[in-house]
Amino acid sequence: MAQAMRPNSTTAGSLLATDGKSHPLPDTLLAVTAVLGAVAIISSIWPGLHLLSSWTGLVGILTGAYGQFVSETTRERFGLILGLGASAVGFFIGMAHGGLFGGVIG
């Protein structure tokens, strides 16, 4: 069990990659999912912005799901879950306020 006591020096400068490698696609998907989740949950406060909150929430759910599929480290998955949760809450509140096409079609 000597490896358990050995410090992991490869992660000193890395915020998202715990294996010391670069992960540009999962990191980009994490950032996009986090931004979309924030927009979805903030815009869901106002019922008149249901189109914005429902669409950004839906796209955030899709990018977060694909990010989970291609992620390689625990830190990436943790951030993606936070973004996915915010996207889902914004999406569901936007759907309750009028949905994806409420007032535009039909």
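Residues numbered from 1 in each chain as written. Predicted model: local features only at pLDDT ≥ 70, side-chain atom pairs only at ≥ 80, totals over all residues. Heavy atoms only, no water.

## A closer look at the overall build of the protein chain
Broken down by element type, the protein chain carries four helices and zero strands. The secondary structure elements of the protein chain, listed N-terminal to C-terminal, are α-α-α-α. Split into buried and exposed, the 106 residues of the protein chain put 35% on the buried side. For the protein chain, the share of sequence-separated contacts (at least 6 apart) that also reach a separation of at least 24 residues comes to 73%. (Helix = DSSP H or I, 4+ residues; strand = E, 2+ residues; numbered from the N terminus. Buried < 20%, exposed > 50% of the residue type's maximum accessible area, 1.4 Å probe, protein only. Contact = heavy atoms within 4.5 Å.)

## Considerations on helix α2 (residues 24-43)
Taking 1.5 Å as the rise per residue, α2 with 20 residues should run 28 Å; its terminal C-alpha atoms sit 28 Å apart, in good agreement. Within α2, burial applies to Pro26, Leu29, Leu30, Thr33, Leu36, Gly37, Ala40 and Ser43. Considering only its buried residues, α2 is in contact with α3 (50-70) and α4 (74-97). (Expected span 1.5 Å × (residues − 1).)

## What to know about the side chain of His50
By the secondary structure assignment, His50 is in helix α3. Separated by 3.1 Å, the side chain of His50 and the backbone oxygen of Gly99 make a polar contact. For His50, the contacting residues outside a window of four places in its chain are Gly94, His97, Gly98, Gly99 and Gly102. (Polar contact = N/O pair within 3.5 Å; in protein donor to acceptor, adjacent residues only side chain to side chain.)

## Quick word on the packing of α3 against α4
Interhelical geometry of α3 versus α4 gives an angle of 150 degrees and a closest axis separation of 7 Å. For the element pair α3 / α4, the angle class is roughly antiparallel. In this structure, α3 crosses over α4, and the sense of that crossing is left-handed. Taken together, the residues of α4 that come into contact with α3 (itself represented by His50, Ser53, Ser54, Gly57, Leu58, Gly60, Ile61, Gly64, Ala65, Gly67 and Gln68) are Arg77, Leu80, Ile81, Leu84, Ser87, Ala88, Gly90, Phe91, Gly94, Met95 and His97. Here the residues of the contact of α3 with α4 are counted per class, giving nine nonpolar, twelve polar and one charged. (Axes fitted to C-alpha atoms, helices over the stretch in contact; angles between N-to-C directions. Parallel < 35°, antiparallel > 145°, perpendicular 65-115°, else oblique. Left-handed = near helix turned anticlockwise from the far one by under 90°. Nonpolar A, V, L, I, M, F, W, Y, C, P; charged D, E, K, R; others polar.)

## A few points about the packing of α2 against α4
Geometrically, a packed helix pair is captured by the angle between its two axes and the distance between the axes. Closest axis-to-axis distance for the α2/α4 pair is 7 Å, and the angle between their directions is 30 degrees. When the axis of α2 is compared with that of α4, the two are roughly parallel. Judged by the sense of rotation from one axis to the other, the crossing of α2 with α4 is left-handed. Judged by residue contacts, Pro26, Asp27, Leu29, Leu30, Thr33, Ala34, Leu36, Gly37, Ala40 and Ile41 of α2 engage Glu76, Gly79, Leu80, Gly83, Leu84, Ala86, Ser87, Val89 and Gly90 from α4.

## Structural notes on α4
Between its first and last C-alpha atoms α4 spans 35 Å; for 24 residues at 1.5 Å apiece the expected length is 34 Å, and the two agree. For α4, the secondary structure elements touched by its buried residues are α2 and α3. Directly after α4, the chain includes Gly99, whose backbone phi takes a positive value near 85 degrees.

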